[in-house]
Amino acid sequence: MGDPARPLPAGDGGFESTPLTRNEYVTVLTHFYRGEVGRSTAWRSRLDATTNWAILTCAAVLSFAFGSESHTHVVLLLSHVILLAFLMIEARRYRYFEIYRARVRMLEENFLIPVVTRELESPMHGWRDLVAMDLDLPKFKSDLAVAVGFRLRSNYLWMFAAMTGGWLAKLALHPSPAVSGADFWSRMAVGVAPPAVVLATLLGLYAVLAHLAFVSRRRRNDEPVDEVAGV
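Residues numbered from 1 in each chain as written. Predicted model: local features only at pLDDT ≥ 70, side-chain atom pairs only at ≥ 80, totals over all residues. Heavy atoms only, no water.

A separate point is the overall build of the protein. On a plain count of helices and strands, the protein comes out with six helices and zero strands. Counting from the amino terminus, the protein carries its helices and strands in the arrangement α-α-α-α-α-α. Split by element, the accessible area of the protein, about 13,800 Å² in all, is 65% carbon and sulfur. (Helix = DSSP H or I, 4+ residues; strand = E, 2+ residues; numbered from the N terminus. Areas by Shrake-Rupley, 256 points an atom, 1.4 Å probe, with all protein chains shown as cover.)

Here it is as structure tokens:
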């Protein structure tokens, strides 16, 4: 290498003016692909960790609620708040996962597949410009509502259903088996909140969740977005 303090010869732009060889280009893309796979895998593991914690929380709350007849059913209602918090965290992490997943898919479709098939022509024209644009100005591939709905359909609807089923079973069984519908209804009260308010709040929550799940299914497929430019 030359002396860093020595000025470059006239007409020599340094690194930017030197064309990449084929081997250099392949090497750069290979390392770039490995890096993006690593980041995608890291965010995927964070998604799994959030889901695991949500499942463990549901199991712990159900075990506590049915561990004694004296334990209140309110803990099962409060668990919905905890599940909502986990859902929002997981949706946020999923949006970051999509950024790197989209780049990985772009490289696989337009670089690795042509190499493997020996048909050295990328199916998407200008894909390198899209990847470069996403590196320069990264953007989420879906909005928060779509991400929430997708994770809801994938995992959390079952957890919410389990907690609601546990709540109904708790009302029917503890502190003693309900002998009538009126007895079951009266047990729904939470402090000064009458049963109608409690039930309406729970139904309202499920209406919002169902709307998010429906909107996300209508606006996107179940597979992560492949287009680097975004949705």
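After that view, the rundown keeps rolling.
Bringing the side chain of Thr 164 into the picture now. Secondary-structure assignment places Thr 164 in helix H4 (residues 144-173). A distance of 3.2 Å separates the side chain of Thr 164 from the side chain of His 80, its partner in a polar contact. A polar side-chain atom of Thr 164 sits 2.4 Å from a polar atom in the side chain of Tyr 206. Ignoring any residue separated from it by four or fewer positions in sequence, one finds Thr 164 in contact with His 80, Leu 202 and Tyr 206. (Polar contact = N/O pair within 3.5 Å; in protein donor to acceptor, adjacent residues only side chain to side chain. Contact = heavy atoms within 4.5 Å.)

One pass over the full model with this rule turns up six aromatic pairs. Relative to Tyr 96, the ring of Trp 43 has its centre 4.9 Å away and its plane inclined at 10 degrees; by these criteria the two rings are stacked. With Trp 43 in helix H1 (residues 22-65) and Tyr 96 in helix H2 (residues 74-117), this pair connects stretches of sequence that are 53 residues apart. Geometrically, the ring pair formed by Tyr 94 and Phe 150 is tilted, given 5.0 Å between the ring centres and 35 degrees between the ring planes. (Phe/Tyr/Trp six-rings, centres within 6.5 Å; stacked < 30°, edge-to-face > 60°.)

Membership of the largest hydrophobic core comes to 32 residues, with the highest contact counts inside it found for Leu 83, Leu 87, Leu 152, Tyr 156, Phe 160 and Trp 167. If we ignore the near neighbours within four places in the chain, the residues touching Leu 152 are Leu 87, Leu 157, Phe 160, Leu 209 and Ala 213. In this structure, Tyr 33, Leu 107, Phe 111 and Trp 127 belong to the second largest nonpolar core, which totals nine residues. (Core = buried A, V, L, I, M, F, W, Y, C linked by side-chain atoms within 4.5 Å. Buried < 20%, exposed > 50% of the residue type's maximum accessible area, 1.4 Å probe, protein only.)

Further remarks concern the layout of surface pockets. In this structure, the largest pocket spans a volume of roughly 370 Å³. Along its surface, the largest pocket is lined by 17 residues, and Arg 22, Tyr 25, Phe 111, Val 115 and Leu 120 are the ones closest to its centre. Mapped onto the lining of the largest pocket, the elements with two or more residues apiece are H1, H2 and helix H3 (127-136). Sort the elements by how many residues they give to the lining of the largest pocket and H2 lands first, with five residues. Residues that form the lining of the largest pocket fall into these classes: nine nonpolar, four polar and four charged. In this structure, the second largest pocket spans a volume of roughly 200 Å³. Forming the boundary of the second largest pocket are Val 74, Leu 77, Leu 78, His 80, Val 81, Leu 84, Ala 193, Val 197, Val 198, Thr 201, Leu 202 and Leu 205. Secondary-structure elements contributing two or more residues to the lining of the second largest pocket are H2 and helix H6 (195-219). Among the elements that line the lining of the second largest pocket, the one with the most residues is H2, at six residues. (1 Å grid on protein atoms, 1.4 Å probe; cavity = no way out; pocket = protein on both sides within 12 Å on 5 of 7 lines; lining within 4 Å. Points joined across faces, edges and corners; volume = space filled by probe spheres on them. Nonpolar A, V, L, I, M, F, W, Y, C, P; charged D, E, K, R; others polar.)

Here the focus is unusual backbone geometry. Backbone torsion omega between His 174 and Pro 175 reads 5 degrees, so that peptide bond is classified as cis. Here Pro 175 shows up in the loop between H4 and helix H5 (181-186). Here Arg 118, not a glycine, exhibits a phi torsion of approximately 65 degrees, which is positive. Residue position: Arg 118 is located in the loop between H2 and H3. Given the relative accessible area of 65%, Arg 118 is considered exposed.

Here we take up the pattern of salt bridges. Tallied over the full model, the rule gives nine salt bridges. Its salt-bridge partner being Glu 108, residue Arg 105 comes within 2.6 Å of it at the nearest N-O pair. Taken together, the residues Arg 105 and Glu 108, both in helix H2 and three residues apart, mark about one turn of the helix. Taken together, the salt bridges that share partners define one network made up of Glu 36, Arg 39, Arg 103, Asp 134 and Lys 141. (Salt bridge = Lys/Arg side-chain N within 4 Å of Asp/Glu carboxyl O.)

The exposure class assigned to Glu 108 is buried, which follows from its relative accessible area of 18%. At a separation of 2.6 Å, a polar atom in the side chain of Glu 108 contacts the side chain of Arg 105. Ignoring anything within four residues of it in the chain, the contact list for Glu 108 reads Tyr 33 and Ile 113.

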